[in-house]
Amino acid sequence: DADAVAVKVLGDSIYTNPMMLGFAWQKGWIPLQLESLMRAIELNAVAVAQNKLAFEWGRRAAQDVDAVKRALNPGQVIAFSPRQKQSLDDLVAHRGAFLRDYQNAAYAQQYLDFVSKVRAAEQGMGVAEKLPLTEAVARYLFKLMAYKDEYEVARLYTDPAFQAKVNAMFEGDFKLHYHLAPPLLAKHNDKGELVKQKFGPSMLTGFKLLAKLKGLRGTPFDIFGRSQERQTERALIGEYMQHIEQVIQNLNSENHAHALQIANVPENIKGFGHVKERNLKAARALWASLNGH
């Protein structure tokens, strides 16, 4: 349970990912040098010491999980066990429900209908059980459709589940501060990149109002949607669906693996702001090469 360890050691589940990265690297599953990974954490310039420490705890867990359990809490056993693989139907249903909360029922139905279309094409090949292309599209179309804009950040911060989690982690009289880089307000550094600013607890009031305005997303009244980043994110959804439409038109056993490569490209589109922009350029270049352009 990497999430529980991250909270116990560093006080925040946000360090789950670097902890899992350390675990995987120690197991030999990541073909990169330790120095390269550490340098990447330093260049990211966000909570460098904590991320490095999380990485080291992950390595320890991979090497001697019992020692990690004892170090964290001698009276409590933390079970490290593989997650149960989610069925395709459950995966699609879960993401459809998320998109309904993210935007509305029509938005979720658009996702469900497209995944069903891909599923029909893949099953038409005579595949009875495993549907890797359908699963890839279910994962990555969702990823693109659920882009984290201002409305979504507000919705997540005002989610009662988030509030309950914070209250469970801290006691006494504490205050929450938010580090954000809203495109309409944030300053730029000398590289032209947005710089995060610290906002006080009163920001929660703004979040509550903003979360209720999610229906404006993508409409002419969406002031946040006028930024280049948001326009790119919305356009990317259509681009991805177009790529998939093309590959399923004549899907067969010979081009199935190639179609899967195309469907998996969004896996590389990570981060936010300038980091995401850089990864997006690489993803589009990969799509172009896979499509023979």
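Position numbers for residues start from 1 in each chain and track the written sequence from start to end. In keeping with the predicted nature of the model, local features appear solely for residues at pLDDT of at least 70, side-chain atom pairs appear and are counted solely at 80 or more, and the whole-chain, interface and lining totals rest on all residues. Each side-chain value is derived from all of the structure's non-hydrogen atoms; neither hydrogens nor water enter the calculation.

**Some details on the overall build of the chain**
Line of reasoning, step 1. Only DSSP runs of H or I reaching four residues or more are called helices, and only runs of E reaching two or more are called strands; each is numbered from the N terminus. Looking only at helices and strands, the chain has 14 helices and two strands in total.
Line of reasoning, step 2. Only C-alpha atoms enter the radius of gyration, while the globule expectation follows 2.2 Å times N to the 0.38, with N the number of residues. For 293 residues, the compact-globule estimate of 2.2 N^0.38 gives 19 Å, and the chain sits close to it at 21 Å.
Line of reasoning, step 3. Dimensions along the principal axes, computed over C-alpha positions, put the chain at roughly 60 × 50 × 40 Å.
Line of reasoning, step 4. Relative accessibility thresholds used throughout: buried, under 20% of the residue-type maximum; exposed, over 50%; partly exposed, between the two (1.4 Å probe, protein chains only). For the chain, with 293 residues in total, the buried portion stands at 34%.
Line of reasoning, step 5. The contact definition used throughout considers only heavy atoms, calling two residues in contact when any of these lie within 4.5 Å. The long-range share in the chain, meaning contacts at least 24 apart out of those at least 6 apart in sequence, stands at 60%.
Line of reasoning, step 6. Element-wise, carbon and sulfur atoms account for 54% of the exposed surface of the chain, whose accessible area totals about 17,600 Å².
Line of reasoning, step 7. Neither His nor the chain ends contribute to the count of charged residues, in which Lys and Arg are positive and Asp and Glu negative. We put the charge of a Lys on NZ, of an Arg on CZ, of an Asp on CG and of a Glu on CD. In the chain, which carries 37 positive and 31 negative side-chain charges, the distance between the mean positions of the two groups comes to 4 Å. Note that accessible areas follow from Shrake-Rupley with a 1.4 Å probe, and for residues the cover is restricted to the protein chains shown.

**Comments concerning the packing of helix H8 (residues 132-145) against helix H13 (residues 256-264)**
Line of reasoning, step 1. Here an angle of 0 to 180 degrees is reported between the N-to-C directions of two axes, which are lines fitted to C-alpha atoms, with helices fitted over the stretch in contact. Where H8 contacts H13, the axes come no closer than 9 Å and their chain directions differ by 10 degrees. When the axis of H8 is compared with that of H13, the two are roughly parallel. The residues of H13 that touch H8, namely those facing Pro132, Leu133, Ala136, Val137 and Tyr140, are His256, Ala259, Leu260, Ala263 and Asn264. Angle categories are assigned with fixed cut-offs, so that under 35 degrees is roughly parallel, over 145 is roughly antiparallel, 65 to 115 is roughly perpendicular, and the rest are oblique.

**Comments concerning unusual backbone geometry**
Line of reasoning, step 1. Of note, the phi angle at alanine 45 is positive, near 60 degrees, even though the residue is not glycine.
Line of reasoning, step 2. Structurally, alanine 45 can be placed in the loop between helix H3 (34-44) and helix H4 (48-63).
Line of reasoning, step 3. Residue alanine 45 is classed as exposed on the basis of its relative accessible area, which comes to 58%.
Line of reasoning, step 4. Located in the positive-phi region is alanine 47, a residue other than glycine, with phi close to 45 degrees.

**Digging into the side chain of histidine 243**
Line of reasoning, step 1. Checked against the element boundaries, histidine 243 lands in helix H12 (residues 228-249).
Line of reasoning, step 2. Not counting chain neighbours up to four residues away, the residues in contact with histidine 243 comprise Ile262, Trp287 and Asn291.

**Section: the packing of aromatic side chains**
Line of reasoning, step 1. By convention, a stacked pair of Phe, Tyr or Trp rings (six-membered ring in the case of Trp) has centres within 6.5 Å and planes under 30 degrees apart, an edge-to-face pair has planes over 60 apart, and any other such pair is tilted. Inspection of the entire model under this criterion finds eleven aromatic pairs.
Line of reasoning, step 2. When the centroid spacing of 5.4 Å and the interplanar angle of 80 degrees are considered together, the rings of phenylalanine 98 and phenylalanine 142 count as edge-to-face. Highlighted residues: phenylalanine 98 in helix H6 (residues 88-102) and phenylalanine 142 in helix H8, separated in sequence by 44 residues.
Line of reasoning, step 3. Accessibility expressed as a relative area gives 26% for phenylalanine 98, which makes it partly exposed.
Line of reasoning, step 4. Geometrically, the ring pair formed by tyrosine 178 and phenylalanine 207 is edge-to-face, given 5.2 Å between the ring centres and 90 degrees between the ring planes. Highlighted residues: tyrosine 178 in strand S1 (residues 178-180) and phenylalanine 207 in helix H11 (residues 203-211), separated in sequence by 29 residues.
Line of reasoning, step 5. Classification of tyrosine 178 as buried rests on a relative accessible area of 3%.
Line of reasoning, step 6. By relative accessible area, phenylalanine 207 is classed as buried at 4%.
Line of reasoning, step 7. Charge-over-ring placement is defined geometrically: NZ (Lys) or CZ (Arg) within 6 Å of the ring centre, and within 35 degrees of the ring normal. The residue whose ring lies beneath arginine 95 is phenylalanine 142, and the NZ or CZ to ring-centre distance is 5.3 Å.

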